[in-house]
Amino acid sequence: MSSQQYNPPTQSSAQDAVTIDASARTVHYKCGDCDQDVPLKRGEPIRCRNCGHRVLYKQRTNR
Ligand SMILES: [Zn+2]
């Protein structure tokens, strides 16, 4: 079992860390006006990039 949790050393794990970090900070919202998917990073203003609407709904990642 422990062999399945083994992570390959430095090179690829560093890339993984960047990818995970970026996706973890990006939250996907759905525009309340045009239903466009709006990915926002932490600290970015809540605003639809498609139509400029400011009411966004947080999307559920669970199915
Ligand atoms: Zn919109």
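Cut-offs used in this document
- Residues numbered from 1 in each chain as written.
- Predicted model: local features only at pLDDT ≥ 70, side-chain atom pairs only at ≥ 80, totals over all residues.
- Heavy atoms only, no water.
- UniProt positions renumbered as here; feature names shortened; annotations may be inferred.
- Donors = N, O, S within 2.8 Å, 3.2 Å for Na, K, Ca; no water.
- Tetrahedral: all angles 85-135°; square planar, octahedral: opposite > 155°, others 65-115°.
- Buried < 20%, exposed > 50% of the residue type's maximum accessible area, 1.4 Å probe, protein only.
- Salt bridge = Lys/Arg side-chain N within 4 Å of Asp/Glu carboxyl O.
- Pairing = 2+ DSSP bridges.
- Helix = DSSP H or I, 4+ residues; strand = E, 2+ residues; numbered from the N terminus.
- Axes fitted to C-alpha atoms, helices over the stretch in contact; angles between N-to-C directions.

Naming follows an unreviewed UniProt entry, where the protein chain appears as DNA directed RNA polymerase of Ampelomyces quisqualis. Under the Subcellular location (unreviewed entry) heading, UniProt states for the protein chain: "Nucleus".

Chemist: Help me understand the coordination of the zinc ion, please; the structure alone is not making it clear to me.
Modeler: By definition of the ideal shapes, a tetrahedral metal site with four donors has angles of 109.5 degrees and an octahedral site with six donors has angles of 90 or 180 degrees. Those donors, C31 (SG), C34 (SG), C48 (SG) and C51 (SG), are the protein atoms that reach the zinc ion, and they lie 2.3 to 2.4 Å from it. One can describe the site at the zinc ion as tetrahedral: its 4 donor atoms subtend angles covering 106 to 117° at the metal. Counting along the primary sequence, the residues that act as donors to the zinc ion give the motif C-x2-C-x13-C-x2-C. Judged by its relative accessible area of 4%, C48 falls in the buried class.

Chemist: Help me out: how do you make sense of the pattern of salt bridges in this one?
Modeler: Side-chain pairing between opposite charges can occur once the charged atoms of the two side chains come close. Under the definition given, this model contains 1 salt bridge. E44 is the partner of R49 in a salt bridge, and the nearest nitrogen-oxygen pair spans 3.1 Å. Note on R49: relative accessible area 57%, which makes it exposed.

Chemist: What exactly am I supposed to notice about the sheet that holds strand β1 (residues 26-31) here?
Modeler: Within a beta sheet, neighbouring strands are joined by backbone hydrogen bonds and run either parallel or antiparallel to one another. What the 3 strands build is an open sheet, ordered β2-β1-β3; its pairing is antiparallel. Looking at strand neighbours, the two that pair on one side only are β2 (37-41) and β3 (56-58), the edges of this open sheet. Going across the sheet, the axis of each strand differs from the next one's by a mean of 45°, ignoring polarity. The sheet contact formed by β1 and β3 spans 3 bridges and is antiparallel.

Chemist: I keep staring at the pairing of β1 and nothing clicks. Help me out?
Modeler: Looking along a regular strand, one sees side chains alternate from face to face of the sheet. Across 5 bridges, the pairing between β1 and β2 is antiparallel. In the strand pairing of β2, K30 is matched with D37. In textbook terms, the turn of a hairpin is the stretch between consecutive antiparallel strands, and for β1 and β2 this stretch comprises 5 residues, one of which, D35, has a positive phi near 60°.

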